[in-house]
Amino acid sequence: MTERTPLLHYRLSASVNESERRAPPAGQAVEQLPDTKKLSTFFGVVIPTLLSMFSVVVFLRIGFVVGHCGLYQAIAMFLVAYFIISMTVLSVCAISTNGALDAGGAYYMISRALGPEFGGSIGLMFFLANVCGCALFVLGLVEAIVATFGVPEATSSFQVLPSGYWWSLLYGTVIALLCLLVCLVGAHIYAKATFLIFLVVMFVLGTIFISFFVVHPRVIVLPPPSTPTANGTGPPFATTANFTSFKLDTLLGNLWADYTLDYTTGNMMNFATVFAVMFNGCTGIMAGSNMSGDLKNPSYSIPRGTITAVIFTFIIYNLLCVLEACSCDRVLLQRDNSFLRDINIWKPFVTIGVYSSTLSAAMSNLIGASRILYALARDDLFGKVLSPAKKTSHSGNPWVSVLISWFLVQLVLFSGKLNTIASIVTIFFLLVYAAVDLACLALEWASAPNFRPTFRYFTWHTCVLGIVGCAVMMFLINAIYASASIAFMLLLLLLIHYLSPTSSWGYISQALIFHQVRKYLLMLDVRKDHVKFWRPQVLLMVSNPRSSVGLITFINDIKKSGLYVLGHVQLGDLNTLPSDPLQSQYDSWLSLVDYLNIKAFVNLTLADSVRHGVQHLLFISGLGGMRPNTLVLGFYDDCSPTDKLIDPSLSTSQSTDPLGPSLDPEQQSPLFHFASLRGSGDSRDGKVVGPQEYVAIIADAMKMSKNVALARYFNNFDRAQALSPASSSQGKGAVYIDVWPVNLLRPDSCSYVDTCSLFLLQLACILNMVRAWRKATIRLFLCVEEGRSVRGSEEKLGQLLKELRIKAQVYPVPWDEQVALHWQRQGEWSKKQQSADGAEDDKQSAEEEESEEDYVNSFPSNATRLSDDYLSAVNKLILDQVRPPPAVRFLYLPRPPADTRRYTAYLHQLDLLTKDLGPTLLIHGVTPVITTDL
C-alpha cells in the first residue's frame, strides 16, 4: 500500500485511571480510599512510553531516514536526537521524584514549579497539542485504511470502501467515536488494552527482524509519485527496486547521504527536513510520568522505566537502520515508505502493526488531552470558562473534559490533511519539554532546601542543554511556527498573569529572586561606596498610616531608586505579652504598600519607648550595603489628622493604583486594620511621644551619622493636586520647588556651601528628576544683607549650581529687617537671662552630672537665643516670597542644642519658623552627597 500518513509527533499516554486521587473541596473531610496504585514499572511506565515513542514511525519512517541520509548520518542523527531528549528525560525524572504528581502530567510539573502563568500557558498549549495529535493519528489511520481498502486503488484486491473527502471524514469520525467510547468508559480500559497493543507491536517488530534474515531477495514494485515532474521533464522515476538481503555492496551504497525529492510531497530533502521527520520517533518520553497516580512506587518507577524505554527504542531504531542499510537498495528506501510490508514474511503483519500503534496513539492523546483540561479547570486559571470541565463521574472519570476534547478533535478532523498542523504540534510539544527543563533548572538554581529529588543524575548543565536542544529543534523544524508558538505562549502568560487569581502553589520566581538578591547583597561592599553614586535610602517613621498617606507617597518620589523603609514603633514589653503582636500587623502594612503602589519595605518593632524603637530601626533596618542613611519624621505639632484611607476623596496621587478611586469607604476600611486616629480636640498631651523625646530622636539620628528630615503639613498633601496646573493661580500654571539653603536660625552665618546646604540642593534636584516632578522649577532663595554684593553672591551661587549640574532659578532676598530685629532682641535677651541663668546653673550643676541625657553635650551649641518676633518675621519673609506658592519647600534644619534642657525651645523655634508654610521639609545633612568630579 502507498503510505502517506502525516508526520506523527509527541504523544501523551496519560493513562491516568479513574481512581486518581482528587483533592476534596475546602472544609470537606478526606474520604479514605482503597489503595489502587497497582501498576509496576513495566506496565505503568515502560509500555506507555514505548508505544508513544514507536507509533507508526518505527514502521514507516526509518527507511526514509536511511535512504536520504545514509547510515552514517542516520546514526549521527539518532545520537543527536536522543541526546536532546535524554537531557529532558533527566529533568522529568528529577521533578517526578521530588513529590507526588497529580493529573496533568507536564502541566502539573510546570505549574507547580514555575507558577500559574507558565503552567497555564504551557498547559493550554499542551492540551491543544494533544487534541491536534489525536486528530493527526486518526487521519493517519484513515489514510492507511483507505490506501489498503479504498476503491481508487486498482491494484488492491480488497477495494470495498469508497474514498473522498466526506468519506474520509466519516471514517475519521467513526474512529474518533471509538476512542471517545473507550475514554468515557474509563482510562482503565485503555490501560488494559495497552499491554495487548504492546504485544502486537512487539510481535510485528519481531517478524520484521526475522524477515531480514529469512526472506529471499526480491523485486518490489514502487508506488507512483504523488507529484509528477512538471511538464513530464526531469529524470524518470524508477518503478521497481530490489530487496537484496545482506550484501556488502548494498551496505556500501547506503553509507553516505544522497538527498533527493520526497516522492510523497515532491519537496527536496535536506539534513534539517529529514532530521525533523526522524525526531518524531524520539518523542513521547512523558508517558510514564503522566501515570504516576497509578504506580506502586512513582519515584522508583518513573526514572527507571522512562530511561529503559528510551534506551530500548534507541537500540531498536539503530538496529533497523543497520539492517535496512545492509539489505535494501537506496531507491527502495527513498521511494517506498511502507516497504517493510513488502519484505515481511506475511504482509498483513505490518499493516496490523500500523493500525494498532496508530489507534493506541490516538486514544492516548485523547485521554491525555482530557486529563490536562481537567487539571486546568480544577486550578481555575481561566475562571468560569472551563468550570464545566471539572465535573467527573462517580468513579472519578472527567467525562465532560473527555467530551470537550473529543469535540475539538472532531473540529480538527474537518481540516482534512494536517501536514501543516503536524509541524505546529511538534513545536508545541518541544515547547512543553523546554518548559520542563526550565522548571528543573529554576528549581536547581533556586537552591531551595525542599528540592531534593531522589533521582540525582542531573545538573543545571543538563537542563540548559535540554532547553537549547529543544529550542534548536523547534526552529529547525519551522522557524516561523516556532516564533509564533513562543509569541502565543507569551500572550497566554500575560493573560493569565493579569486575570487569574493568586495561587497557593508557591512561586519559583520568589526563590530565584531571593537567591540572586542574597548573592548581590554579599557583593555590595560598603567599603566601596563613593559619593558619586550616593542615593537617598530613607527610613520613614509612621505613627499611623491613616494620616500619613500624603507623606508616604511624597517620600516614595524622593527616594530615587534607593532603599525605602516604612518604620513603625509599637509600645509594649514582650515579657508581658503572650505572643508577638507585630506579626499580625504585617499583612495590613504590606496591603498598604500595594494599595499606594509604592516601592517600600516594612519594618516594625516593639519597644518600651518611641525613642528606643527608632534606635532599634536605625540600627537593624536594611541589610549589608542597603541601609537607611536618612531618617524622616513627621513634625511635632497640633494639626488635626485626617484619615485618608477611608476618605472618599482619597488623594488621587495614587492614580497608578487602579483600585484606589473605585473603592468606597466601606470597602476600603476593612483592608487596613490600623488604629483609629485621635480626635481633633486631642492635645499633645495625648501623644505617645513628648517634645523632649522627639528632639532626642533627632539628636540620636545625627549621632548615628544619619541625615534627618522633618516633614510638616503633609497630612493633606496631594501630589496630583500640587502638580496640577490649575493649582497655581499665577505663573501660567507653573509648579515650583522652593529651597532655602541657609540656616535661618543662625542669621550670623550665611554659608550656602556647607554639607547641609548641599544636601538640600541634592534632594531638591532628585525630586525634580522624578517623572511627575520634571516640569517643576527649583527656586533657590539667596538671603542677602545690605552692604554685601548681591550680584557677586548671586553669580557665585549660579556658578556653583552650574558646576553641580543643577538647574535652578536664583532669587536674592533682602532680610536686613529680620536680621536687625534679631540683633536688637539679642542684647535684651542676654541681659535678662544673664542673672537668671547664673543662679539656675549653680542649683542644677550636681543634677546635670548624673543626668542620663548628658551625652548630648558633645554637640556643638548651635541654638542661639532667638526671639519669637524674629522667627515670626522670617516666617513672614518666606510667605511673602511665594508668588505663586510652591508645591513643597525645603528648609535648613539646624542641629538640636547640646543642652537637653533647650529641646523644647528648639522645637518651639522650628514651629514658629514653619508656621502655615504648607508642605515643608526641614532637612539636615551630615554626609557629603555632591561631587563635581566625573
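Residues numbered from 1 in each chain as written. Predicted model: local features only at pLDDT ≥ 70, side-chain atom pairs only at ≥ 80, totals over all residues. Heavy atoms only, no water.

- The protein chain is annotated in an unreviewed UniProt entry as Solute carrier family 12 member 9 from Sphaeramia orbicularis.
- Its UniProt record gives the protein chain the following Sequence similarities (unreviewed entry) comment, quoted word for word: "Belongs to the SLC12A transporter family."
- Turning to the protein chain, the UniProt annotation filed under Subcellular location (unreviewed entry) states: "Membrane". (UniProt positions renumbered as here; feature names shortened; annotations may be inferred.)

### Re unusual backbone geometry
Working step 1: Even without being a glycine, serine 245 presents a positive backbone phi close to 60°.
Working step 2: Turning to its location among the elements, serine 245 is positioned in the loop between β2 (240-243) and α8 (248-253).
Working step 3: Judged by its relative accessible area of 15%, serine 245 is buried.
Working step 4: Positive phi is not limited to glycine here, since serine 561 has a value of about 60°. (Helix = DSSP H or I, 4+ residues; strand = E, 2+ residues; numbered from the N terminus. Buried < 20%, exposed > 50% of the residue type's maximum accessible area, 1.4 Å probe, protein only.)

### Comments concerning helix α19 (residues 549-558)
Working step 1: α19 sits mainly inside the fold: 10 of its 10 residues count as buried.
Working step 2: Among all positions in α19, only Val549, Gly550, Leu551, Ile552, Thr553, Phe554, Ile555, Asn556, Asp557 and Ile558 are buried.
Working step 3: At the exit of α19 stands lysine 560, carrying a positive phi of roughly 50°.

### What about the nonpolar core?
Working step 1: Residues Phe59 and Phe212 are the most contacted members of the largest nonpolar core, which totals 156 residues.
Working step 2: Those residues in contact with phenylalanine 59 that lie beyond four places of it in its chain are Val201, Val204, Leu205, Ile208, Asn337, Leu340, Val350, Gly353, Val354 and Ser357.
Working step 3: Listed in part, the 66 residues of the second largest apolar core include Leu551, Leu592, Phe759 and Leu804. (Core = buried A, V, L, I, M, F, W, Y, C linked by side-chain atoms within 4.5 Å. Contact = heavy atoms within 4.5 Å.)

### As for the pattern of salt bridges
Working step 1: Under the defined criterion, the tally for this structure stands at 11 salt bridges.
Working step 2: Linking arginine 712 and aspartate 637 is a salt bridge whose minimum nitrogen-to-oxygen distance equals 3.3 Å. Here arginine 712, found in strand β7 (residues 707-712), pairs with aspartate 637, found in the loop between β6 (630-634) and α22 (665-668); they are 75 residues apart in sequence, far enough to count as distant.
Working step 3: Its relative accessible area of 9% is what places aspartate 637 among the buried residues.
Working step 4: In this structure, aspartate 880 engages lysine 876 in a salt bridge whose closest nitrogen and oxygen atoms are separated by 3.1 Å. (Salt bridge = Lys/Arg side-chain N within 4 Å of Asp/Glu carboxyl O.)

### Looking at the pairing of strand β3 (residues 538-541)
Working step 1: Burial of the side chains of β3 extends over both faces: Val538 and Leu540 are buried on one face and Leu539 and Met541 on the other.
Working step 2: Two strands pair when backbone bridges link them, and β3 and strand β4 (residues 564-571) are joined in this way by four bridges, in the parallel orientation. Following the sheet pairing, methionine 541 is matched in β4 by glycine 567.
Working step 3: For the crossover from β3 across α19 to β4, the handedness is right-handed.
Working step 4: Strand direction decides the pairing type here: β3 and β6, joined by three bridges, are parallel. (Pairing = 2+ DSSP bridges. Right-handed = clockwise from strand over helix to strand, strands pointing away.)

### Re the packing of aromatic side chains
Working step 1: Throughout the structure, instances matching the rule amount to 30 aromatic pairs.
Working step 2: Taking 6.2 Å as the distance between ring centres and 35° as the angle between the ring planes, the aromatic pair formed by tryptophan 167 and tyrosine 171 counts as tilted. Placement of the pair is tryptophan 167 and tyrosine 171 together in helix α6 (residues 165-185), with a separation of four residues, close to one helical turn.
Working step 3: Note on tyrosine 171: relative accessible area 15%, which makes it buried.
Working step 4: Ring centres of tryptophan 589 and phenylalanine 674 lie 5.3 Å apart, and the angle between their planes is 75°; this geometry places the pair in the edge-to-face category. Taken together, the residues tryptophan 589 in helix α20 (residues 586-596) and phenylalanine 674 in the loop between α22 and α23 (691-703) connect sequence positions 85 residues apart.
Working step 5: Residue phenylalanine 674 is classed as buried on the basis of its relative accessible area of 11%.
Working step 6: An aromatic cluster of three or more residues is present, and its members are Phe54, Phe78, Tyr82, Phe312, Phe314 and Tyr317.
Working step 7: In this structure, lysine 519 is placed above the aromatic ring of tyrosine 520, and the distance from its NZ or CZ to the ring centre is 5.3 Å. (Phe/Tyr/Trp six-rings, centres within 6.5 Å; stacked < 30°, edge-to-face > 60°. Lys NZ or Arg CZ within 6 Å of the ring centre and 35° of its normal.)

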